Amino acid sequence: MFNARTVSTRRPQALWLPALLCLLLLPLKATAQEPEAQRTGDSGELAAAAAPNAQDEAARDEAKSGEAESEDSQRRQRRIIHDRVSVVGSQEAAREIPGSAHFLSQEQLEEQSYSDVHRILTAVPGVYFQEEDGLGLRPNIGIRGTGVERSSKITLMEDGVLIAPAPYTAPSAYYFPTAGRMEGIEVRKGSSAIQFGPRTNGGVLNLISRSAPAQLGGRVELAGGDHDTRRGHIYAGDSGERFSWVAESYQLHSEGFKNLDGGGDTGVELEDYLLKLRVTSAPTAAHYQALELKLGKTLQDGNETYLGITESDFLDTPYRRYAASALDNIEADHEQIQLSHFLQLSSKLDLTTVAYNNDFFRDWFKNESVLGVSNATVLANPELYARELAILRGEEDSPE
């Protein structure tokens, strides 16, 4: 498998050595060139000559300090809405939370370079899962003994907003955010998650989408592997004094790793798009405000099935798929609109308002039974349902 991605350039760390040598040589050179009269002259004249240089350096230090404060202010402005809808905030904040909390940063996610949320969450203790499609598209996640089926016993969120169509449904049965495009993942367990609800007995999993970079820039990542698997991830953005934006696209294609009897595609096509726009009030405004619009769209076309195989067939060929599942397919279309507003009322009081709409469409065409007998019953009792099993394998035609 190959993985090609851009890497930001950094100044070589070895430059500190020549810089240090220059600093050491400068006083020696100045002393050697000083006239005798100047070296033995009035110390007040020397101090007066050195004063302008000291003033210049003080002015430069003050300017650098002002630039650093301005950058910190812009960074806080870019993150202020995110901080209000997060459940952990940062790795530093996780250490101060009275409970079990974990934060996976953008650097950690880029270092792992995983697109499967199951693989990403192996870095978090107390979180366990059960594989289903092998790509993490419909994850089964549990926290501290809650059970894993469809992640139905934990609270799943993206940017602090519930992703399920209803609070107590199985979230990932309908839509799960594309983990490969996230810049952070937060996990809070047990009672420390009680303020986020509704599933407070297990915990909270919050996925953080891309935020606008501090300056004009972006990233391109391409990966490929077996079974004609191709993955592309690109984003670009910029931040100004009062306006910022980021646009992102994540694409996944795979022909699948399962072997369908008679041949055929068992993979998936995934397209994910994100656009964020943010505008803020002037720094001199009496009450600082920020307004952010988030637009997202995800399309999925997968040749996935619920039909399994018998235990004996699994021991022989674990990646086999019966011919009866050849037409099984899921089409999903998710659209998201999220509008977030921040208002600083005073130094100790602020208000964050989030309005959102999630529109999801799913059409899953799948084989559920044969000759009136459920697939699970046939596979659990292959000797009793030999004819039904032969139809599932494609060895015998199903009667009309």
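As shown above, the structure is provided for reference.
No experiment lies behind these values; they were computed from the predicted model shown.

Cut-offs applied
- Residues numbered from 1 in each chain as written.
- Predicted model: local features only at pLDDT ≥ 70, side-chain atom pairs only at ≥ 80, totals over all residues.
- Heavy atoms only, no water.
- Core = buried A, V, L, I, M, F, W, Y, C linked by side-chain atoms within 4.5 Å.
- Buried < 20%, exposed > 50% of the residue type's maximum accessible area, 1.4 Å probe, protein only.
- Helix = DSSP H or I, 4+ residues; strand = E, 2+ residues; numbered from the N terminus.
- Contact = heavy atoms within 4.5 Å.
- 1 Å grid on protein atoms, 1.4 Å probe; cavity = no way out; pocket = protein on both sides within 12 Å on 5 of 7 lines; lining within 4 Å.
- Points joined across faces, edges and corners; volume = space filled by probe spheres on them.
- Nonpolar A, V, L, I, M, F, W, Y, C, P; charged D, E, K, R; others polar.
- Pairing = 2+ DSSP bridges.

With that settled, the discussion passes to the nonpolar core. Leu121, Ile141, Phe176, Ile185 and Leu205 are the most contacted members of the largest nonpolar core, which has 20 residues in total. Elements with a minimum of two residues in this core: helix 6 (117–120), strand 4 (140–143), strand 7 (184–189) and strand 8 (203–208). The contacts of leucine 205, once residues within four sequence positions are left out, are Leu121, Ile141, Thr155, Leu156, Met157, Phe176, Ile185, Glu186 and Val187. In terms of nonpolar packing, the next biggest core, distinct from the first, is built from 10 residues, Leu307, Tyr322, Ile391 and Leu392 among them.

Time to look at empty space enclosed by the protein. Following the criterion strictly, the structure yields 6 cavities of 30 Å³ or more and no others. Counted as a void, the largest cavity has a volume near 170 Å³. Taken together, 16 residues line the largest cavity, and the ones lying closest to its centre are Leu109, Tyr114, Gly180, Glu221 and His233. Listing elements by their share of the lining of the largest cavity, those giving two or more residues are helix 5 (106–112), strand 9 (217–225) and strand 10 (229–239). With 3 residues, the top contributor of residues to the lining of the largest cavity is strand 10. Of the residues belonging to the lining of the largest cavity, the class tally is 7 nonpolar, 4 polar and 5 charged.

On to the environment of glycine 218. Position of glycine 218 relative to the elements: it lies in strand 9. The class for glycine 218 is partly exposed, based on a relative accessible area of 48%. Here the alpha-carbon distance between glycine 218 and glycine 237, two residues 19 residues apart in the chain, equals 6.3 Å. Apart from the residues within four sequence positions on either side, glycine 218 is in contact with Tyr235 and Ala236.

Spatially, 5 strands are ordered 2-7-8-5-6 in an open sheet, and the strand pairing comes out mixed. The open sheet terminates on both sides in strands that have one partner only, identified here as strand 2 (100–104) and strand 6 (161–162). Taken together, the 2 bridges between strand 5 (residues 155–158) and strand 6 define a ladder with antiparallel strand orientation. Bridge pairing in strand 6 places methionine 157 opposite leucine 162.

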